[in-house]
Protein chains: 2
Amino acid sequence: MQRDTVLSHVEAELVAGRLRVGDRLPGERALAAQLGISRASVREGIRVLEAMGVIRTAAGSGPDSGAVVVADTAAGITSALRLHLASSTLPVADVVRTRVLLETWGVREAARHRDREQLDAARVLLDAMDRTDLVEEFLRLDAEFHVTLSRAAGNGVVAAIMTALRGAIHGYVLAVAPDDWLPTARRLRRQHRNVLAAIEAGDGERAARLVARHIEGFYRMAQL
Amino acid sequence: MQRDTVLSHVEAELVAGRLRVGDRLPGERALAAQLGISRASVREGIRVLEAMGVIRTAAGSGPDSGAVVVADTAAGITSALRLHLASSTLPVADVVRTRVLLETWGVREAARHRDREQLDAARVLLDAMDRTDLVEEFLRLDAEFHVTLSRAAGNGVVAAIMTALRGAIHGYVLAVAPDDWLPTARRLRRQHRNVLAAIEAGDGERAARLVARHIEGFYRMAQL
């Protein structure tokens, strides 16, 4: 189909290195002429690339302005995963087990690398969580803390998958937060500090045990 | 943006259970009227949903025919991952480590479940690989064998990620296959049989050791 022409073209340009992150795609009219397809097909292909986090189009841009190549892998996977969780074809229990698998591995690796920059970023997030009792803000920081730990593990693919998983389940987690939030918030704060302390002490096994108990405990409480 | 209206609408319908796998979306014209947006915006939204594996539109369908809800999670993630690997923002080494992580876990789980149907399907694939010396066909069956093992682990999220990873790297694996293929094919056949035998014997630890050596060996040979 015609819109696949745009995807194949952009993929080939990326593989060949003729197109890199930060580069601008040619305008709609130019691309249509170059690929011999309609401008409507070009526009559809551009939308798909945008939804996959491969390009970003500036808001309010005219029909001939270009789109910029970005590298937001997680955004692309997030949208796909979220829609599939919505269709209930992926059970939440499978998400929980996948999180435990990726995060126990992640904190072990993080304890091995002890990446100062990421661990400092994680601590700043925990400090911000100490200062809020608002459920939604707390959970947003919570998700960001877990994603930061997965970045500290030093694997881009796992970090992208983790970011996507967290993004995909955000709505569910928010929906199951208990009305009496403060005791839960206190428990989560303590657990997060203990996980980070174990990583900073280089004790990967302890960090893995703590993070597994932390994730499984939250879902058990939420009865998911 | 207008096309996001279609995505949000479909997601909400899926969550509410008003839209299920196998259902048909309303036609373009009806959706445009219902959501108060242009038909061009509806069409762009539909293309994005299709690229994410959430719906399938029949080839040659008229402008008013509907699209069917499917649940091809892996297809959506595959496209996103492949494009990001193409842009070299995800190093292949990270893919290898992610495969080892997911597949060692997968064969351990598979050895615990011993899902007769999936293991029989895996054996049929190995038999087919014994009968071909064509690199491309061999590697297609090879990818399918690994995906089948991950299905035997009984986790839909991990299976979708694995399928996506395999789909995303297919081109790379094909490109690095050695010219003198037969010795490699013989080695891979033997390794696959040993992994499957360990799973069938219920020896998850041995299966995990063998599959890690198998994956790392292939990439080492390919010098990726």
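Before reading on, note that the structure itself is shown above.
Residues numbered from 1 in each chain as written. Chains lettered and ligands numbered in written order. Predicted model: local features only at pLDDT ≥ 70, side-chain atom pairs only at ≥ 80, totals over all residues. Heavy atoms only, no water.

## Some words on the overall build of chain A
Logical step 1: In terms of regular secondary structure, chain A is built from 10 helices and two strands.
Logical step 2: Secondary structure elements of chain A, listed N to C terminal, follow the sequence α-α-α-β-β-α-α-α-α-α-α-α.
Logical step 3: Expressed as a percentage of its 224 residues, the buried residues of chain A come to 54%.
Logical step 4: Residue pairs at least 24 apart in sequence account for 72% of intrachain contacts in chain A once pairs closer than 6 positions are excluded.
Logical step 5: Accessible area for chain A stands at about 9,900 Å²; split by element, carbon and sulfur atoms hold 49% of it. (Helix = DSSP H or I, 4+ residues; strand = E, 2+ residues; numbered from the N terminus. Buried < 20%, exposed > 50% of the residue type's maximum accessible area, 1.4 Å probe, protein only. Contact = heavy atoms within 4.5 Å. Areas by Shrake-Rupley, 256 points an atom, 1.4 Å probe, with all protein chains shown as cover.)

## Structural notes on the relation of the copies chain A and chain B
Relating one copy of the chain to the other takes a rotation about an axis and a shift parallel to that axis.
Logical step 1: The transformation that overlays chain A on chain B combines an axial shift of 0.0 Å with a rotation of 180°, and the residual RMSD is 0.0 Å. Both chain copies can therefore be described as sitting about a two-fold axis.
Logical step 2: Here 100% of the contact residues of chain A are again contact residues in chain B; the copies associate through an equivalent surface. (Least-squares fit on C-alpha atoms with pLDDT ≥ 70 in both.)

## Focus: the packing of helix H9 (residues 181-200) of chain A against helix H10 (residues 204-222) of chain A
All names here are of chain A.
Logical step 1: Running from N to C, H9 and H10 point in directions that differ by 160°, and their axes come no closer than 8 Å. Overall, the two elements H9 and H10 adopt an arrangement that is roughly antiparallel. Here H9 runs over H10; the crossing is left-handed. Here Thr-184, Arg-187, Leu-188, Gln-191, His-192, Asn-194, Val-195, Ala-198 and Ile-199 of H9 lie close against H10, whose contacting residues are Arg-206, Ala-207, Leu-210, Val-211, His-214, Phe-218 and Met-221. (Axes fitted to C-alpha atoms, helices over the stretch in contact; angles between N-to-C directions. Parallel < 35°, antiparallel > 145°, perpendicular 65-115°, else oblique. Left-handed = near helix turned anticlockwise from the far one by under 90°.)

## A closer look at the side chain of Ser-150 of chain A
Logical step 1: Assignment of secondary structure puts Ser-150 of chain A in helix H7 (residues 135-152).
Logical step 2: Setting aside its immediate chain neighbours within four residues, Ser-150 of chain A contacts Ala-159 and Met-162 of chain A.

## Here's the deal with the nonpolar core
Logical step 1: Ranked by size, the top nonpolar core spans 144 residues in total, and within it Ile-199 of chain A together with Ile-199 of chain B carry the most contacts.
Logical step 2: Residues in contact with Ile-199 of chain B, not counting those within four places in the same chain, are Val-107, Ala-110, Ala-111, Arg-114, Leu-119, Leu-149 and Ala-207 of chain B. (Core = buried A, V, L, I, M, F, W, Y, C linked by side-chain atoms within 4.5 Å.)

## Considerations on the pattern of salt bridges
Logical step 1: Tallied over the full model, the rule gives 34 salt bridges over all chains.
Logical step 2: Salt-bridge contacts for Arg-108 of chain A lead to Glu-205 of chain A; the nearest nitrogen and oxygen are separated by 2.8 Å. Here Arg-108 of chain A is found in helix H5 (residues 92-113), whereas its partner Glu-205 of chain A is found in helix H10, with 97 residues between them in sequence.
Logical step 3: Note on Glu-205 of chain A: relative accessible area 46%, which makes it partly exposed.
Logical step 4: Here Arg-193 of chain B makes a salt bridge to Asp-127 of chain B, at a shortest N to O gap of 2.9 Å. Within this pair, whereas Arg-193 of chain B is found in helix H9 (residues 181-200), its partner Asp-127 of chain B is found in helix H6 (residues 116-130), the two being separated by 66 residues in sequence.
Logical step 5: Each of the salt bridges in this network shares a partner with another, and the network as a whole consists of Asp-127, Asp-130, Asp-133, Arg-189 and Arg-193 of chain A. (Salt bridge = Lys/Arg side-chain N within 4 Å of Asp/Glu carboxyl O.)

## What to know about the interface of chain A and chain B
Logical step 1: On the side of chain B, 47 residues touch chain A, which itself brings 47 residues to the contact.
Logical step 2: Buried surface at the junction of chain A and chain B, both sides included, amounts to about 4,200 Å², of which 73% is carbon and sulfur.
Logical step 3: Taken together, chain A and chain B are joined by eight residue pairs in polar contact (both at pLDDT 80 or more).
Logical step 4: Counting residues per element, the side of chain A that touches chain B draws most heavily on helix H4 (residues 73-86) of chain A, which supplies 10 residues. (Buried area = accessible area lost by both parts, 1.4 Å probe. Polar contact = N/O pair within 3.5 Å; in protein donor to acceptor, adjacent residues only side chain to side chain.)

## Regarding the packing of aromatic side chains
Residue and element names in this part refer to chain A.
Logical step 1: Applying the stated rule across the entire model yields four aromatic pairs over all chains.
Logical step 2: Here Phe-218 and Tyr-219 contribute two aromatic rings whose centre-to-centre distance is 6.0 Å and whose plane-to-plane angle is 90°, an arrangement assigned as edge-to-face.
Logical step 3: In this structure Tyr-219 comes out as buried when scored by relative accessible area, which is 5%. (Phe/Tyr/Trp six-rings, centres within 6.5 Å; stacked < 30°, edge-to-face > 60°.)

## Observations concerning helix H5 (residues 92-113) of chain B
Logical step 1: For H5 of chain B, built from 22 residues, the straight-helix expectation of 32 Å at 1.5 Å per residue is met to within 8% by its first-to-last C-alpha distance of 31 Å.
Logical step 2: Count one or two residues on from H5 of chain B and you reach Arg-114 of chain B, which has phi positive near 45°. (Expected span 1.5 Å × (residues − 1).)

## Digging into the environment of Val-157 of chain A
Logical step 1: Relative to the helices and strands, Val-157 of chain A is located in helix H8 (residues 156-176).
Logical step 2: With a relative accessible area of 1%, Val-157 of chain A lands in the buried category.
Logical step 3: Along the sequence, Val-157 of chain A and Asp-133 of chain A sit 24 residues apart, while their C-alpha atoms lie 33 Å from each other.
Logical step 4: Not counting residues within four places of it along the chain, the set of residues in contact with Val-157 of chain A comprises Leu-90, Asp-94, Val-95, Thr-98 and Leu-165 of chain B.

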